[in-house]
Amino acid sequence: RAMKAGVADKVVELHQVAGCSCVDVALVDAPCSASGVLRRHPGLRWSGQWAHYHQKQPSSQLPHLQYRLLEQGASAVKSGGRLVYATCALEAAQNE
């Protein structure tokens, strides 16, 4: 997507800049339970694929991981910069 938007040369991974306060904008596209996908594809819930996904990635562990990633993203943004946080989860615990 970054290549399509013409910004691929400006994209770095968070671990490369965490703590530097050196970027204008940081996007934290956090791993999530993907529950927002169910609105567009309700059949997933009953197909068995949804249960398989949740066995691999228990949603109870996600808020802690998301918070850590958000902290790292915030530490990379310079004063006056922007931090953008994105998930496709519907659960409040993953979005507040």
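Only a predicted model underlies this, so the values are computations on that prediction, with no experimental measurement involved.

How each quantity is defined
- Note on numbering: residues in each chain are counted from 1, in written sequence order.
- For a predicted model such as this one, the threshold for reporting local features is a pLDDT of at least 70, and the threshold for listing and counting side-chain atom pairs is 80 or more; totals across whole chains, interfaces and linings nevertheless cover every residue.
- Only hydrogens and water are removed before side-chain values are computed, so all heavy atoms of the structure are retained for them.
- We call a pair of cysteine sulfur atoms a disulfide whenever their separation is within 2.5 Å.
- Excluding any residue in a salt bridge, patches collect residues exceeding 30% relative accessible area, merging like charges within 9 Å and nonpolar Val, Leu, Ile, Met, Phe, Trp and Tyr side chains within 5 Å.
- The Shrake-Rupley method, run with a 1.4 Å probe, gives the accessible areas here. Residue values count only the displayed protein chains as cover.
- By definition here, a salt bridge exists when the distance from a side-chain nitrogen of Lys or Arg to a carboxyl oxygen of Asp or Glu is within 4 Å.
- Three labels apply to residues, based on accessible area from a 1.4 Å probe with only protein chains included: buried if under 20% of the type maximum, exposed if over 50%, partly exposed otherwise in between.
- In this description a helix means any DSSP run of H or I spanning at least four residues, a strand means any run of E spanning at least two, and both kinds are numbered starting from the N terminus.
- To estimate how far a helix should reach, multiply one less than its number of residues by 1.5 Å.
- Throughout, a contact is declared for two residues whenever any of their heavy atoms are within 4.5 Å.

Enquirer: How should I be thinking about the state of the cysteines in this particular structure?
Expert: By definition, a disulfide links the sulfur atoms of two cysteines through a covalent bond. What the rule picks out here adds up to one disulfide. Covalently, C20 is tied to C22 through a disulfide, its sulfur atoms 1.9 Å apart. With the S-S dihedral at roughly -65°, the linkage between C20 and C22 falls on the left-handed side.

Enquirer: When you look at a nonpolar patch on the surface in this model, what are you seeing that I'm missing?
Expert: A grouping of V25, L27 and V84 is seen on the molecular surface, where their side chains present a nonpolar patch of about 280 Å² in accessible area. Judged by relative accessible area, which is 58%, L27 ranks as exposed.

Enquirer: Could you clarify how one ought to interpret helix 6 (residues 62–76) in this entry?
Expert: Owing to its 3.6 residues per turn, the α-helix aligns residues three or four sequence positions apart on the same side. In this model, helix 6 (15 residues) spans 21 Å end to end at C-alpha, consistent with the 21 Å of a helix rising 1.5 Å per residue. Next to the buried residues of helix 6 lie helix 2 (14–17), strand 1 (23–29) and strand 2 (77–86).

Enquirer: In this structure, what is going on with the pattern of salt bridges? I would like to understand it.
Expert: Evaluated as defined, the whole model comprises one salt bridge. Measuring nitrogen to oxygen at the nearest pair gives 3.2 Å for the salt bridge that ties K78 to D24. Here D24 lies in strand 1 and K78 lies in strand 2, a separation of 54 residues in the sequence. Since its relative accessible area comes to 35%, K78 is described here as partly exposed.

In short, shape yes, function no, at least from these values alone.
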